[in-house]
Amino acid sequence: MIRPAKLEDAPAIARVHVASWQSTYQGMLPEEFLESLSETGYADRWKRVIGEGSSRVYVAEHEGEVVGFASGGRERAGETGYTGELYAIYVIDAAQRRGFGRELVRSTVAGLRELGLDDMIIWVLRDNQPARSFYERLGGAYVRAQPITIGSVTLEEVSYGWRRLDDVRY
Ligand SMILES: CC(C)(COP(=O)(O)OP(=O)(O)OC[C@H]1O[C@@H](n2cnc3c(N)ncnc32)[C@H](O)[C@@H]1OP(=O)(O)O)[C@@H](O)C(=O)NCCC(=O)NCCS
């Protein structure tokens with residue numbers, strides 16, 4: 001059900017990425033920004049990320065279709081106390097609340113361990129309450145808030161952290 005992403009998965013990951021951004025961030029991000037997201041552009045980007053190999057990327061498959069993905073690796077912004085980061089996790093609307101998210105986190109956590117990392121931080125838009133509930137359910141502790149500029153708007157994002165990967169509560 002969950003497996004490491006292959007280069008050939010890049011277009012499917014990009015489809016999930018764009019569809020999920022458009023549904024999740026509708027009303028939070030400008031319509032024209034969401035409409036401008038390009039599957040082709042993201043497919044190239046995901047191909048690069050998967051090929052390069054410094055982050056771990058996993059896909060959730062259901063009946064032969066990619067319905068979700070997650071990626072993680074070394075913490076990117078120099079946050080004190082954290083060396084690992086869950087960069088992204090997206091499950092298409094129709095497949096949510098069936099455990100794919102939880103299992104994607106489990107695989108990403110295993111990937112972080114393989115990279116020698118032992119903690120994890122995640123950033124999420126402050127107003128993305130469903131995702132915040134998900135991280136809280138997994139035992140994430142609120143860390144802090146900061147502004148984030150996406151397209152033409154500046155919003156607030158918040159972080160959740162697990163000081164030890166063993167603290168993730170599935
Ligand atoms: C957030 C997301 C990754 C969670 O994945 P998922 O497969 O839907 O979640 P799971 O089925 O694994 O949920 C595990 C538990 O988390 C909690 N949870 C998940 N979604 C929740 C929601 N919308 N509201 C409240 N709690 C939620 C529940 O406790 C759930 O267990 P339960 O269904 O038995 O009650 C997924 O819903 C998603 O992709 N959302 C849109 C994109 C997004 O916001 N990504 C995160 C960006 S930072």
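Description of the structure in this document. Quick caveat: nothing in here was measured; it's all calculated off a predicted structure.

1. Here's the deal with the environment of Phe-100
Argument step 1. Within the secondary structure, Phe-100 is located in helix α4 (residues 100-114).
Argument step 2. Separated by 42 residues in sequence, Phe-100 and Tyr-142 place their C-alpha atoms 23 Å apart.
Argument step 3. Once residues lying within four places of it in the same chain are set aside, the contact partners of Phe-100 are Met-1, Ile-2, Ala-60, Glu-61, His-62, Val-67, Val-91 and Ala-95.

2. What to know about the site of the ligand
Argument step 1. If you check the shell around the ligand, you find 22 residues, and the closest are Val-91, Gly-99, Gly-101, Arg-102 and Asn-128.
Argument step 2. With respect to the ligand, the side chain of Gln-96 contributes an N or O atom lying 3.3 Å from a nitrogen atom.
Argument step 3. One of the backbone nitrogen or oxygen atoms of Arg-102 is found 2.8 Å away from an oxygen atom of the ligand.
Argument step 4. When the ligand sits alone it has 910 Å² of accessible area, and the protein chains cover 80% of it.
Argument step 5. Counting atoms within 2 Å of the grid points, the majority share of the ligand lands in the largest pocket.
Argument step 6. If one sorts the elements of the shell around the ligand by residue count, helix α5 (residues 129-137) sits on top with six residues.
Argument step 7. In terms of residue class, the shell around the ligand is made up of 11 nonpolar, seven polar and four charged.

3. Section: the packing of helix α1 (residues 10-24) against helix α3 (residues 39-52)
Argument step 1. For the pair α1 and α3, interaxial distance at closest approach is 8 Å and the crossing angle is 125 degrees. When the interaxial angle is binned, α1 and α3 end up oblique. In this structure, α1 meets α3 at a crossing whose hand is right-handed. Across the interface between the two elements, Ala-10, Pro-11, Ile-13, Ala-14, Arg-15, His-17 and Val-18 of α1 pack against Glu-39, Tyr-42, Ala-43, Trp-46, Lys-47 and Ile-50 of α3.

4. Things to note about α5
Argument step 1. What α5 keeps buried is the set Ala-131, Arg-132 and Tyr-135. In a view along the axis of α5, the buried residues occupy a sector of 100 degrees, so they form one face of it.
Argument step 2. At its buried positions, α5 is contacted by β4 (84-91), β5 (120-125), β6 (141-150) and β7 (153-162).
Argument step 3. Among the residues trailing α5, Gly-139 stands out with phi positive, at a value near 90 degrees.

5. As for the side chain of Thr-108
Argument step 1. Within the fold, Thr-108 resides in helix α4.
Argument step 2. Using a relative accessible area of 1% as the deciding quantity, one classes Thr-108 as buried.
Argument step 3. Ignoring any residue separated from it by four or fewer positions in sequence, one finds Thr-108 in contact with Tyr-58, Ala-70, Ser-71, Gly-72 and Leu-86.

6. Notes on the layout of surface pockets
Argument step 1. By volume, the largest pocket amounts to about 1,500 Å³.
Argument step 2. Along the wall of the largest pocket there are 48 residues; nearest its centre are Tyr-25, Ile-89, Tyr-90, Ala-131 and Tyr-135.
Argument step 3. When residues in the lining of the largest pocket are grouped by element, the largest group, seven residues, is from β4.
Argument step 4. Residues belonging to the lining of the largest pocket are distributed by class as follows: 25 nonpolar, 12 polar and 11 charged.

What counts, and at which threshold
- Residues numbered from 1 in each chain as written.
- Predicted model: local features only at pLDDT ≥ 70, side-chain atom pairs only at ≥ 80, totals over all residues.
- Heavy atoms only, no water.
- Helix = DSSP H or I, 4+ residues; strand = E, 2+ residues; numbered from the N terminus.
- Contact = heavy atoms within 4.5 Å.
- Near = heavy atom within 4 Å.
- Polar contact = N/O pair within 3.5 Å; in protein donor to acceptor, adjacent residues only side chain to side chain.
- Areas by Shrake-Rupley, 256 points an atom, 1.4 Å probe, with all protein chains shown as cover.
- 1 Å grid on protein atoms, 1.4 Å probe; cavity = no way out; pocket = protein on both sides within 12 Å on 5 of 7 lines; lining within 4 Å.
- Sits in = over half its atoms within 2 Å of the grid points.
- Nonpolar A, V, L, I, M, F, W, Y, C, P; charged D, E, K, R; others polar.
- Axes fitted to C-alpha atoms, helices over the stretch in contact; angles between N-to-C directions.
- Parallel < 35°, antiparallel > 145°, perpendicular 65-115°, else oblique.
- Left-handed = near helix turned anticlockwise from the far one by under 90°.
- Buried < 20%, exposed > 50% of the residue type's maximum accessible area, 1.4 Å probe, protein only.
- Arc of directions from axis to C-beta.
- Points joined across faces, edges and corners; volume = space filled by probe spheres on them.

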